[in-house]
Amino acid sequence: MSKVGRNDPCPCGSGKKFKRCCLERVEAEERAERLRAEAERAEGERDEVDEFVATLEHARAVLEESQIVEQVDRLSEAVLRGIEAGRLDEADATARQLMAGFPDEPLGFERLAQVQEARGQLGAAAEEYRRGVALMDELGEGHYCDCCRARMVKAIRRLDADRPAPALLRDPQ
């Protein structure tokens, strides 16, 4: 349908000129339709922005997690190198640094236990292994691997056979 001119007769049939009859209503409807379309477009853009922000937040979390894993690995390897080199005081300090910096990381307890084993402090080593297993149990599945827990339980059994050890649960080996 062709567009009605301002001075044409109003299509409503009133006999008045369009500009004196329905022009304001038609223009208001057109403005409202443009605003609805703009709002829909903006909503679509907002959804895209929200999705992009969520992706960025996920990427940031993955990066932070990988940096934490890197730091834990670096400290853990330093403890093992210290034990291997016979620098037990240095290995002990690094294991305690690992535990202080990452209190929810059972590996710190395992590394400190290994230092104590190297010193011949078997009872203290067994206690650290017990603390590591207890932390794993507190954190729940998904926060550690079954083989790590099994390794610590076996170390407790080996070092402290007189006291009951935690249940082995699953031993993937």
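Report follows, based on the coordinates. (Residues numbered from 1 in each chain as written. Predicted model: local features only at pLDDT ≥ 70, side-chain atom pairs only at ≥ 80, totals over all residues. Heavy atoms only, no water.)

### Side note on the nonpolar core
Stage number 1. Counting 14 residues, the largest nonpolar core has Tyr129, Val133, Met152 and Leu159 as its most contacted members.
Stage number 2. Counting only elements with at least two residues in this core, the list comes to α4 (122-139) and α5 (146-159).
Stage number 3. Top contributing element to this core by residue count: α5, with six residues.
Stage number 4. If we ignore the near neighbours within four places in the chain, the residues touching methionine 152 are Pro106, Glu110, Tyr129, Gly132, Val133 and Met136. (Core = buried A, V, L, I, M, F, W, Y, C linked by side-chain atoms within 4.5 Å. Buried < 20%, exposed > 50% of the residue type's maximum accessible area, 1.4 Å probe, protein only. Helix = DSSP H or I, 4+ residues; strand = E, 2+ residues; numbered from the N terminus. Contact = heavy atoms within 4.5 Å.)

### Topic: the environment of proline 164
Stage number 1. In this structure, proline 164 sits in the segment after α5.
Stage number 2. Its relative accessible area of 70% is what places proline 164 among the exposed residues.
Stage number 3. Sequence separation between proline 164 and glutamate 141 is 23 residues; the distance between their C-alpha atoms is 22 Å.

### Side note on the side chain of arginine 149
Stage number 1. As for its position among the elements, arginine 149 is in helix α5.
Stage number 2. Under the relative-accessibility criterion, arginine 149 is labelled buried at 4%.
Stage number 3. Not counting residues within four places of it along the chain, the set of residues in contact with arginine 149 comprises Val133, Met136, Asp137, Tyr144, Pro166, Ala167, Leu168 and Leu169.

### Some thoughts on the packing of helix α2 (residues 88-101) against helix α3 (residues 107-118)
Stage number 1. At a minimum axis distance of 8 Å, the contact between α2 and α3 shows a crossing angle of 160°. Judged by the angle between their axes, α2 and α3 are roughly antiparallel. Between α2 and α3 the crossing geometry is left-handed. Counting all contacts with α2, which are made through Leu88, Ala91, Asp92, Ala95, Arg96, Leu98 and Met99, the residues of α3 involved are Leu107, Gly108, Phe109, Arg111, Leu112, Val115, Gln116 and Ala118.
Stage number 2. For the contact of α2 with α3, a count of residues per class yields 10 nonpolar, two polar and three charged. (Axes fitted to C-alpha atoms, helices over the stretch in contact; angles between N-to-C directions. Parallel < 35°, antiparallel > 145°, perpendicular 65-115°, else oblique. Left-handed = near helix turned anticlockwise from the far one by under 90°. Nonpolar A, V, L, I, M, F, W, Y, C, P; charged D, E, K, R; others polar.)

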